[in-house]
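So you can see what is in the structure, the chains are spelled out below.
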Amino acid sequence: MATVVGDADEAVAGIPDGSTVLIGGFGTAGQPIELIYALIRSGVKDLTVVNNNAGNGRAGLAALLANGQVRKIICSFPRQADSYVFDELYRAGKVELELVPQGNLAERMRAAGAGIGAFFSPTGVGTPLAEGKELRTIDGRDYVLEYPITGDVALIKALRADTLGNLVYRKTARNFGPVMATAAKITIVQVSKIVEPGGIDPEVVITPGIFVDRIVKIAGVSPLAETGAAG
Amino acid sequence: MTIQLSFDRTRPLSRDDLARLVAADIPPGSYLNLGIGQPTRIADFLDPDSGVILHTENGMLGVGPQAYGDDIDPDLINAGKVPVTETPGAAYFHHADSFAMMRGGHLDVCVLGAFQVSFDGDLANWHTGAPDAIPAVGGAMDLAIGAKEVFVLMSLFSKDGSPKLVSKCTYPLTGLGCVSRVYTDYGVFLLTDHGVVARETYGISRDDLAERLGITFWDT
């Protein structure tokens, strides 16, 4: 059952050291930046972070990395023009990297959320990223065995929630949010608006509230976030 | 497929002309994904009446032109994290659905950049293998094996003059036997079951090109 909490600090309270944290966003689109700052303030450490990237500039995920709270990052695209925080930590051997093709990253979390024990993916066959993994030929095509990625916690950003945790997102800020929401034991969502049940058309709900545990409204989100989304 | 454009065959193609040439070869009505970098330029040369619908792996079909000024919306970006616009009929979806579109064989064409392509269609475009390089794969491996047709857009020769269309890739692979066509400044190559066909060349004769690549082209 979803709970509406008062602020971001309350939302991330109680996350133990050593947790695997799924963090939504593609670059900065959909990155739950206020929840990440709350995670930084909480001082939790030794985290494994799952995100598409490894931080941009010095804000958000990059700040979490810079603060030394991340032991390992599982992502598809760490190296970017502004990934200098990660680059430095990685080269200094201070953060471990598991590189996963983007579609396998999404599907491994989808599998976790859907109770699938493992799956055979055609992505990565014959490449260094499939080394050491079980291969199988099915109907004449080669596949590699991939295991789920389950989060202890997911931190995601949506546009609006109702108090039951039903979510709608905004444009390409949706990205990993709906998949991560299913794949973690505790899913924590920041939104710019919370409405009463019935305030979101059931036909346009993207993440049903069953996947959501904590909801926090973040004030002062750009006015853009108030417009343009269905529902 | 017909070539709808004609270019000066006595010179290598400029980057814009190369993008123009690929754009003209995208079948009308295709669902198309354009890789980060040079392939993104192809969008600028697509015929608006072609009905081609652009897919971006971060969860959108119907990607419109790059956004500028007041049209920039931080929630609306493409895979290269460039602000874009939406076209009428656009759709948003989450990452697992986006990659199901590739792996599930729903995406008609993708155009990717490359470090190397082998004569039998192996692709290397994610990692130089240099010991100090930080690898990043993004959606390249999923696209390479997922799209029905994978076109590569690249310069034919690297800065040191060595060919990037090779008998065997020396860089780490992105996908096996996945590339069907290679568009380069010096020529367009079809990678068929019979061998490599040089569909046309620019600024070099077919024979000279075959010699530089160390290949015997398969003649249609």
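The structure displayed is predicted, hence computed values, not measured ones.

The rules we used
- Residues numbered from 1 in each chain as written.
- Chains lettered and ligands numbered in written order.
- Predicted model: local features only at pLDDT ≥ 70, side-chain atom pairs only at ≥ 80, totals over all residues.
- Pairing = 2+ DSSP bridges.
- Helix = DSSP H or I, 4+ residues; strand = E, 2+ residues; numbered from the N terminus.
- Contact = placed C-beta atoms within 7 Å.
- Nonpolar A, V, L, I, M, F, W, Y, C, P; charged D, E, K, R; others polar.
- Core = buried A, V, L, I, M, F, W, Y, C linked by C-beta atoms within 7 Å.
- Buried ≥ 20, exposed ≤ 12 C-beta atoms within 10 Å, placed from the backbone.

S.K.: Before we go on, may I ask you to explain the sheet that holds strand β6 (residues 116-118) of chain B in this structure?
M.R.: Strand pairs in the sheet, formed through backbone hydrogen bonds, run parallel or antiparallel to each other. Residues and elements named next belong to chain B. Pairing within the open sheet is mixed, and its three strands lie in the order β7-β6-β9. At either margin of the open sheet sits one strand with a lone partner, and together these are β7 (123-124) and β9 (165-166). In this sheet, β7 lies alongside β6 in antiparallel orientation, the contact comprising two bridges. Looking across to β7, one finds that V117 is bridged to L123.

S.K.: What am I meant to see in the interface of chain B and chain A here?
M.R.: When the parts of a complex come together, some accessible area is lost, and that lost area is often taken as the interface size. Contact residues are listed per partner, giving 30 residues for chain B and 36 residues for chain A. Those elements that place two or more of their residues in the side of chain B that touches chain A are α2 (95-103) and α3 (140-146) of chain B. A per-element tally of the side of chain B that touches chain A places α2(B) first, with five residues. Here the side of chain B that touches chain A is built from residues that sort into 17 nonpolar, seven polar and six charged.

S.K.: How should I be thinking about the nonpolar core in this particular structure?
M.R.: Within soluble globular proteins, side chains that are nonpolar tend to cluster in buried spots. Grouped together as the largest cluster of nonpolar side chains are 138 residues, with contacts concentrated most on A154(A), M180(A), V22(B) and V152(B). Contact partners of A154(A), with chain neighbours within four places excluded, come to L22(A), M180(A), A181(A), A183(A), A184(A), T187(A) and I188(A).

S.K.: Hey, could you run me through helix α2 (residues 33-42) of chain A in this one?
M.R.: Residues and elements named next belong to chain A. Those residues of α2 lying buried are I33, E34, L35, I36, A38 and L39. Elements in contact with the buried residues of α2: α1 (8-11), β2 (20-23), α3 (61-66), β9 (151-157) and β12 (184-191). With its phi angle positive at about 75°, G43 sits one or two positions after the end of α2.

S.K.: Looking at this model, I keep getting lost on the sheet that holds strand β13 (residues 193-195) of chain A. Mind explaining?
M.R.: All names here are of chain A. Overall, mixed pairing links the three strands, which are arranged β11-β10-β13 in an open sheet. The sheet terminates laterally at β11 (167-168) and β13, the two strands that pair on one side only. As defined by bridge partners, strand β10 (residues 160-162) adjoins β13 across three bridges and the pair is classed as parallel. Bridging from a neighbouring strand, A161 pairs with I194 of β13.

S.K.: I'm lost on the pairing of strand β10 (residues 179-184) of chain B in this one. Help?
M.R.: The side chains of a regular strand alternate between the sheet's two faces. Residue and element names in this part refer to chain B. For β10, the buried fraction is high: five of the six residues fall into the buried class. In this structure, strand β8 (residues 149-153) lies alongside β10, joined through four bridges in parallel fashion. In the strand pairing of β10, V152 is matched with V182. Pairing analysis gives four bridges linking β10 to strand β11 (residues 187-191), with the strands arranged antiparallel. In the strand pairing of β11, Y183 is matched with V188.

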